[in-house]
Amino acid sequence: SAVISQKPSRDICQRGTSLTIQCQVDSQVTMMFWYRQQPGQSLTLIATANQGSEATYESGFVIDKFPISRPNLTFSTLTVSNMSPEDSSIYLCSVEVGYGGEAFFGQGTRLTVV
Amino acid sequence: DQQVKQNSPSLSVQEGRISILNCDYTNSMFDYFLWYKKYPAEGPTFLISISSIKDKNEDGRFTVFLNKSAKHLSLHIVPSQPGDSAVYFCAAGGATNKLIFGTGTLLAVQP
């Protein structure tokens, strides 16, 4: 299993600013995943963050908008840049335990952009 | 293109009765399927999973059924308890290790 600490838990931000979300895992993991859950929608994968290499982004998400850092095997950050109200969502980090294993999630960051 | 679908946005069940949550998928390459439960202001928590080579997996009050020919899975909770009230997501994964989630079903268990 894995325990994931994510912060902040929530924030209200002005449009045009940026917010960095931190994710700390209690064990070393190869891949960390960042998801977004827009209101009434499913969890959508933003990118996969591997330590020592650039993150891999899913279709519709770009590094300029969602830069990711992965400085070591227990930590990652996601930045939401130049925010607009459409970025208001819950952002979640996640790790998976092996192939076919369950994923563990942080508690999420509820972002509201005004 | 929504590869994993949960067509019922909500479900209400009486305490003690069975809750059946459904999920359909379109990609026959998925190797495993999982169910997650999510309370407000918390991240999803893993409930139960099933490999594509099985048709049933049971864990206490929770049973997941997989019908590969119909590309359909379901989660049965019996007996349902008020503490089961939450949003339930099904998810599917394969060789890429990425999980594709459904849109969720809000289960309300009435005392």
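Here, the structure is the one placed above.
Here the structure is a predicted model, which is why all the values come from computation and not from measurement.

S.K.: Talk me through the packing of aromatic side chains; I want residue IDs and the actual numbers.
M.R.: Counted under the stated rule, the structure contains twelve aromatic pairs over all chains. On the numbers, 5.9 Å between centres and 75 degrees between planes, the contact of A:Phe105 with B:Phe101 is edge-to-face. Placement of A:Phe105 in strand β10 (residues 103–105) and of B:Phe101 in strand β10 (residues 99–101) is noted, with the two residues assigned to different chains. Take A:Phe105 and B:Phe101: they sit in the same class, and that class is buried. Ring-pair connections join several aromatic residues into one group, and the members of that group are A:Tyr35, A:Phe105, B:Tyr36, B:Phe46, B:Phe89 and B:Phe101.

S.K.: Talk me through the layout of surface pockets; I want residue IDs and the actual numbers.
M.R.: Roughly 410 Å³ of internal volume is contained in the largest pocket. Around the largest pocket sit 19 residues that line it, and A:Ser42, A:Leu43, A:Thr44, A:Leu45 and B:Ile100 are the ones nearest its centre. Elements that contribute at least two residues to the lining of the largest pocket include exactly β4 (31–37) and β5 (43–50) of chain A together with β10 of chain B. Looking at the lining of the largest pocket residue by residue, the classes come out as six nonpolar, nine polar and four charged. In this structure, the second largest pocket spans a volume of roughly 330 Å³.

S.K.: Which residues make up the interface of chain B and chain A, and what values go with them?
M.R.: Contacts between the two partners involve 20 residues from chain B, matched on the other side by 20 residues from chain A. Of the roughly 1,700 Å² buried between chain B and chain A, counting both surfaces, carbon and sulfur atoms make up 57%. It is B:Asn97, B:Lys98 and B:Phe101 that lose the most area in chain B upon contact with chain A, and together they represent 31% of the buried surface on that side. For the pair chain B and chain A, the number of links is one salt bridge. Its salt-bridge partner being B:Lys98, residue A:Glu58 comes within 2.8 Å of it at the nearest N-O pair. On the surface where chain B and chain A come into contact, there are three residue pairs in polar contact (both at pLDDT 80 or more). When residues of the side of chain B that touches chain A are traced back to their parent elements, those giving at least two are β4 (32–38) and β10 of chain B. Top element by residues in the side of chain B that touches chain A is β4(B). It accounts for four residues. Of the residues belonging to the side of chain B that touches chain A, the class tally is ten nonpolar, six polar and four charged.

Rules behind the numbers
- Residues numbered from 1 in each chain as written.
- Chains lettered and ligands numbered in written order.
- Predicted model: local features only at pLDDT ≥ 70, side-chain atom pairs only at ≥ 80, totals over all residues.
- Heavy atoms only, no water.
- Phe/Tyr/Trp six-rings, centres within 6.5 Å; stacked < 30°, edge-to-face > 60°.
- Helix = DSSP H or I, 4+ residues; strand = E, 2+ residues; numbered from the N terminus.
- Buried < 20%, exposed > 50% of the residue type's maximum accessible area, 1.4 Å probe, protein only.
- 1 Å grid on protein atoms, 1.4 Å probe; cavity = no way out; pocket = protein on both sides within 12 Å on 5 of 7 lines; lining within 4 Å.
- Points joined across faces, edges and corners; volume = space filled by probe spheres on them.
- Nonpolar A, V, L, I, M, F, W, Y, C, P; charged D, E, K, R; others polar.
- Contact = heavy atoms within 4.5 Å.
- Buried area = accessible area lost by both parts, 1.4 Å probe.
- Salt bridge = Lys/Arg side-chain N within 4 Å of Asp/Glu carboxyl O.
- Polar contact = N/O pair within 3.5 Å; in protein donor to acceptor, adjacent residues only side chain to side chain.

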